[in-house]
Every structure is written in C-alpha cells, then in structure tokens.
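Now for the letters of each chain:
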Amino acid sequence: MFAGPDIGGAGQRLLPERIPMRFFGTAVACHVLAWLALAVAADDVAGFVGGPGPVLAGVHVLTLGVLVMTAMGASLQMLPVALGRPAPSTTACNVTYWLLVPGGVLLVYGFAAIAVTFIVAGAVLTVSAVALYVATTARVLRGAEGSRPVVLHLWAGFGSLAVAAALALILSLDYTEGFLPDHLRTAVVHVTLGSYGFMGMLALGFSQVLVPMFTIAMVLGRRLAEGALWSAVAGLVLAVVGLTLDLPLVVGAGLIAGLCAAGLHVRLMMETVRTRMRKRLGEEFVLIRASWIFLPVSLVLGFGLLLDVLPDTGPALFGFALLFGWLLTLLVGILQRILPFLASMHTARAGSTPAAPSKLIAETPLKVHRRCHFAALTVVGAGIALDVPDLVRAGAAAGAVGAAAFAWFAVTIFFRTQTHLSAPTAEGKGKAP
Ligand code: HEM
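These figures come from a predicted structure and were not determined experimentally. (Residues numbered from 1 in each chain as written. Predicted model: local features only at pLDDT ≥ 70, side-chain atom pairs only at ≥ 80, totals over all residues. Heavy atoms only, no water.)

A. Structural detail: the overall build of the protein. Within the protein one finds 15 helices and 0 strands. The C-alpha radius of gyration of the protein comes to 21 Å, within 12% of the 22 Å expected for a compact globule of 433 residues. Taken across its 433 residues, the protein has 55% of its residues classed as buried. Counting only contacts in the protein whose residues sit at least 6 apart along the sequence, the fraction spanning at least 24 positions is 80%. Roughly 17,900 Å² of accessible area belongs to the protein as shown, and the carbon and sulfur atoms make up 69% of that amount. Each charge class in the protein can be summarised by its mean position, and for the 27 positive and 19 negative side chains these summaries are 17 Å apart. (Helix = DSSP H or I, 4+ residues; strand = E, 2+ residues; numbered from the N terminus. Rg over C-alpha atoms; globule rule 2.2 N^0.38 Å. Buried < 20%, exposed > 50% of the residue type's maximum accessible area, 1.4 Å probe, protein only. Contact = heavy atoms within 4.5 Å. Areas by Shrake-Rupley, 256 points an atom, 1.4 Å probe, with all protein chains shown as cover. Lys, Arg positive; Asp, Glu negative; His and termini not counted. Charge placed at Lys NZ, Arg CZ, Asp CG, Glu CD.)

And the structure:
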C-alpha cells in the first residue's frame, strides 16, 4: 500500500503561479482552436491518412497546443510537489514556453499552408523546447522519493517524448531531403510514441497521484500499478519495434499488452475510487471515467487497422478516438479540478486566507462544456465513420462551443482569485503583501 502525494510544504515546491497558468491558459485557448480547426478541415478529416495540410495542422494545434502544453504545465508544477523535490528553474520553464509557442505557430502554419521552410523552422523550435523540458523534468525525477511505478511511468513518458520529437525533426527534414525509406511508417511510430508513449505514460502515472488526491483515497494495488506499468512498457516497445520493422505479429502482441495495461490501469483506478473517503465524486469524474473507455476503444480500433478490417475512414477514426476521445477527455477532466486547486494554493501563498476551490468554480460553463464535449465526440465520431463532412463540421462546432465554455470557466477562476486577493481580510487588512 502506498499513499498519494505529500502536499505538506508544497508552498516551497511550487513555481510562481504565472508559469503553470501560462501553460494552462495557452492550452485552454488552443482547445477552442483545435475544435475550430477540425470544423474548418471537416471535408478532409474522414479520409485523412497522414501528410501535411489543414488536418495535420489541426492535429498539432491539439497535440502541441493542448496536450503537450497541459502535460508540461502539470508536470513542471505538480511533479516537485508529488515527489518531494525542489521546483525546477523558472528560466528553464520560461525558455521552454517561449520556444514552444512560436515553434508551434510556425509548425501549424507550415502544415496548413504546406510550406516546408515553416515546418522545418517550427520543428527546430518545438523540438528544442521539448529537449529543454525533458532535461528539466529529468532533474526533478532524478532521486525522487515518490512511488516507484509513478516515477517509472514518468521516465518512460519522457523517454518516449524525446524519441518522438527526434523523429518529428527527421520527418520534417525529410520533406526537403527525402532520405527516409518509408516516411509514413516513421510518422506512425512518431504518433505511437507521442500519444501512447509520452501522453499515455504521463496519463497513467499522474492518474496514480491525482485520482487518490481528488477522491481522498489510498492507492491500494501496488501490484496492479506495477502490472499496468510493465504491460504498458512492453506494449509500447513491441508496437514501436513491430511498426519500425514491419512485423504485424509483433505489433499485434504490442496491442494485446497495451489492452492488458489499459485493463489493469482502469481496475486500479476503479479500486481507488471505490475505497475513497470523499463521499461525493466531483463532476470531473464524468470526463475522467469516459476517458477510461476511450483508451481501450482506441486500442481495439488499432487492432482493426492491423487486421485491415476497417473501412477507409479507419485511420481517422482511430486518431480521433485516441487524441480527442481518450487524451483530450482525460485532460479536460483533470484540468477542471487542478485549476481551482492551484488558484486556491496561490491565494494561501499570497498571505491571504486561502480561497476554497469550490468558491472559485462556476458550475454552468462546466455543464455546458461537458454536454458539448460528449455531443462533439458522438457526432464527429459518427461523421468520420459514415464519411459525412457536414456531421464532422457540426460536431466540431459543438466541441468549439464547449471549449469556449471551458475557457469561460478558467477566466472565472482567474477573476474570482483576484477578487479574493484584493478583498479586505478579517483583520481589516487590504490586499496581502
Ligand atoms: C515535438 C513536436 C512535434 C513536431 C515537430 C511534430 C511534427 C510532425 C511531422 C513532421 C509529422 C509528419 C507528417 C507527415 O508527413 O505525415 C507529424 C505527424 C503527426 N504527429 Fe507530430 N509533431 C510533434 C509532436 C507530436 C505529438 C506530441 C503528437 C501526439 C501527441 C503528434 C501527433 C502527430 C500525428 C497524429 C501525426 C500524423 C501521423 C500520420 O501521418 O499518420 N505530434 N508530426
């Protein structure tokens, strides 16, 4: 049995709040843009099988703008707290951010306009941001005292990101030099490492810290956690080797190991939730639980692609279930809980009476977001499966409305925090120094 994070003394391990808020604020804005990009590219979504153009641009607004931004903000801020390590250097965090934002803009523009110079420039900057981020988080992880499965998940995630980013650079240089024997195969390995490797390992590892924290529970199953870890690592290695060497049986073994990892992880999470001390689960668990369904769904679709039993829209449906269904649904669920939590910690650190996280939350935008998010997943999924671009457009528009509501929720937290900080305290003092 091992406990959740030790948040005692978290104040000394927290970064200045403007750093995580910058990452999260950018992710919240890109969340709206990612759905809008899907609506704009709706005609080409169902038939997408790779290659630059508006769909790939939209994919990277989501992957770099929302998923990687959120993962960076969360790990730079929460890892030192969860693992009892000093906060990383603020310069490294700032440089990472200021490389990633212009790099992401150049890359997305380059993909949308099919402009190779912009793609290469964007790739150089984003890959530099990733390299600095991996080096910075590796320093936090080295010598960490936290639970072994969590730490190993994170190492696997950061290792995967480093390789995914190196492949991304090679893929973008290949547009001009044409040296790769199989560009598409390399792109598929890049996606596997970026999504299941980096985002997936972080999702599994962080969930073992955050879900017990959200529910006030002890994580019971160390063996389950170790099982999920090693199945996920085996699945990833087998999938990458199989895809690289064109060995379908090895890819299949990787998918089976991935499904085992997903099953063990979901069992661990359900066990954690079942043994919680907090009676009423927060609404974020509607999203978090839905993400537990989309993870195995994406792997089953991966099997369908491997066996070549899916229609031509199979690759797009797989990508949508993986990126929007599993990863985005999980991240918005987690963000809706940690944004008010971090804001509340900030009010405490600023010397004011801490604001209760529940007082910083506006429920209506969250409800609007949830409904639109699920409507968008259903309608876009149906639009891709049936190859009806108007359905994809309508669903993506619903997703954009939901994402705008989520942004309204985030802005409300910001203004309520400011109001709390500027309100006179019980002792009659004004704004805390
Ligand atoms: C480190 C920054 C990144 C750069 C510079 C980058 C760049 C690229 C490039 C050059 C391609 C090849 C496009 C092609 O010719 O088909 C690509 C494909 C793709 N990338 Fe990234 N990428 C990055 C991060 C990510 C991450 C973190 C994810 C997932 C979480 C991701 C998901 C995808 C997807 C889904 C494709 C389409 C693959 C296909 O063609 O089947 N990328 N990326």
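B. Highlighting the site of the ligand. Taken together, 24 residues lie near the ligand, and Gly-51, His-60, Tyr-175, His-183 and His-190 sit nearest. With respect to the ligand, the side chain of Tyr-175 contributes an N or O atom lying 2.3 Å from an oxygen atom. Listing elements by their share of the shell around the ligand, those giving two or more residues are α4 (54-83), α5 (90-113), α6 (116-141), α7 (148-177) and α8 (183-215). Residues of the shell around the ligand, tallied by class, amount to 14 nonpolar, 10 polar and no charged. (Near = heavy atom within 4 Å. Polar contact = N/O pair within 3.5 Å; in protein donor to acceptor, adjacent residues only side chain to side chain. Nonpolar A, V, L, I, M, F, W, Y, C, P; charged D, E, K, R; others polar.)

C. Examining the coordination of the iron atom of the ligand more closely. Protein coordination at the iron atom of the ligand: the donors are His-60 (NE2) and His-190 (NE2), at 2.1 Å from the metal. Considering all 6 donor atoms around the iron atom of the ligand, the spread of angles at the metal, 88 to 179°, places the coordination shape in the octahedral class. With His-60 in helix α4 and His-190 in helix α8, this pair connects stretches of sequence that are 130 residues apart. (Donors = N, O, S within 2.8 Å, 3.2 Å for Na, K, Ca; no water. Tetrahedral: all angles 85-135°; square planar, octahedral: opposite > 155°, others 65-115°.)

D. Representation of helix α11 (residues 284-307). A rise of 1.5 Å per residue sets the reference length of α11, with its 24 residues, at 34 Å; its end C-alpha atoms lie 36 Å apart and thus fit the reference within 8%. Looking at the residues trailing α11, positive phi occurs at Asp-308, about 60°. (Expected span 1.5 Å × (residues − 1).)

E. Spotlight on empty space enclosed by the protein. Within this structure, the stated rule accounts for 4 cavities of 30 Å³ or more. There is about 160 Å³ of room inside the largest cavity. What lines the largest cavity is a set of 14 residues, among which Ala-74, Leu-202, Phe-206, Leu-331 and Ile-334 lie closest to the centre. Secondary structure elements with two or more residues in the lining of the largest cavity: α4, α8 and α12 (314-349). (1 Å grid on protein atoms, 1.4 Å probe; cavity = no way out; pocket = protein on both sides within 12 Å on 5 of 7 lines; lining within 4 Å. Points joined across faces, edges and corners; volume = space filled by probe spheres on them.)

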